[in-house]
Amino acid sequence: MNMANFKLQNLRIPGGWEVIINKFLDVDVTQYSSDDTIWRGFTENILHIRSTLKKKDIAIDLG
């Protein structure tokens, strides 16, 4: 399966923040077994947001 078939996880980002990178995928893990080849396509779940008011960045890595 192609990773492009997965949708991005819906995010609720408050006003004053800009999304720079969003790689949080919405995947129903119950659809795949632990030895399925789909898991080879996952690398990192990363979210990078920036405050438009204070010019501060926040990066979250769940990978």
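Everything below is about the structure shown above.
### Some details on the overall build of the protein
Consideration 1: Of regular secondary structure, the protein possesses zero helices and five strands.
Consideration 2: Ordered by position in the sequence, the α and β elements of the protein form the string β-β-β-β-β.
Consideration 3: Counting only contacts in the protein whose residues sit at least 6 apart along the sequence, the fraction spanning at least 24 positions is 42%.

### Some details on the side chain of S51
Consideration 1: Looking at the element boundaries, S51 is found in strand β4 (residues 46-51).
Consideration 2: Within the local environment of S51, its side chain forms a polar contact with the backbone nitrogen of L53, the two atoms lying 3.3 Å apart.
Consideration 3: Those residues in contact with S51, other than ones at most four positions away along the chain, are G16, W17 and K56.

### A look at the sheet that holds β4
Consideration 1: With antiparallel pairing, the three strands of this open sheet are ordered in space as β2-β4-β5. What marks the edges here is a single partner per strand, and that holds for β2 (17-22) and β5 (57-61). In this sheet, neighbouring strand axes are inclined to one another by 20° on average, regardless of whether the strands run parallel or antiparallel.
Consideration 2: Here five bridges tie β2 to β4, and the two strands are oriented antiparallel to one another. Within β4, the position partnered with N22 by the bridge is L47.

### Some remarks on the environment of D28
Consideration 1: As for its position among the elements, D28 is in the loop between β3 (25-26) and β4.
Consideration 2: With 22 residues separating them along the chain, D28 and F6 place their C-alpha atoms 9.5 Å apart.

### Overview of the pairing of β4
Consideration 1: Pairing geometry for β4 and β5, over five bridges, is antiparallel. Paired with I46 across the bridge in β5 is D61.
Consideration 2: Where β4 folds back onto β5 in an antiparallel hairpin, the turn is made up of five residues, including K55, whose phi is positive at roughly 55°.

Reading guide: rules and limits
- Along each chain, residues carry numbers from 1 onward, in the same order as the chain's sequence is written.
- For this predicted model, a pLDDT threshold of at least 70 governs which residues receive local features, and a threshold of 80 or more governs which side-chain atom pairs are given and counted, while totals over whole chains, interfaces and linings are taken from all residues.
- To get the side-chain values, take all heavy atoms of the structure and skip hydrogens and water.
- For helices the rule is a DSSP run of H or I covering at least 4 residues; for strands it is a run of E covering at least 2, with both sets numbered from the N terminus onward.
- By definition, residues are in contact when any of their heavy atoms lie within 4.5 Å.
- For the purposes of these results, a polar contact is taken to be a pair of N or O atoms within 3.5 Å, where, inside protein, one atom must be able to donate a hydrogen and its partner to accept one; residues adjacent in sequence count only when each atom of the pair is a side-chain atom.
- When DSSP finds at least two bridges between two strands, those strands are taken to pair.
- Each axis is a line fitted through C-alpha atoms, taken for helices only over the stretch in contact, and angles between the N-to-C directions span 0 to 180 degrees.

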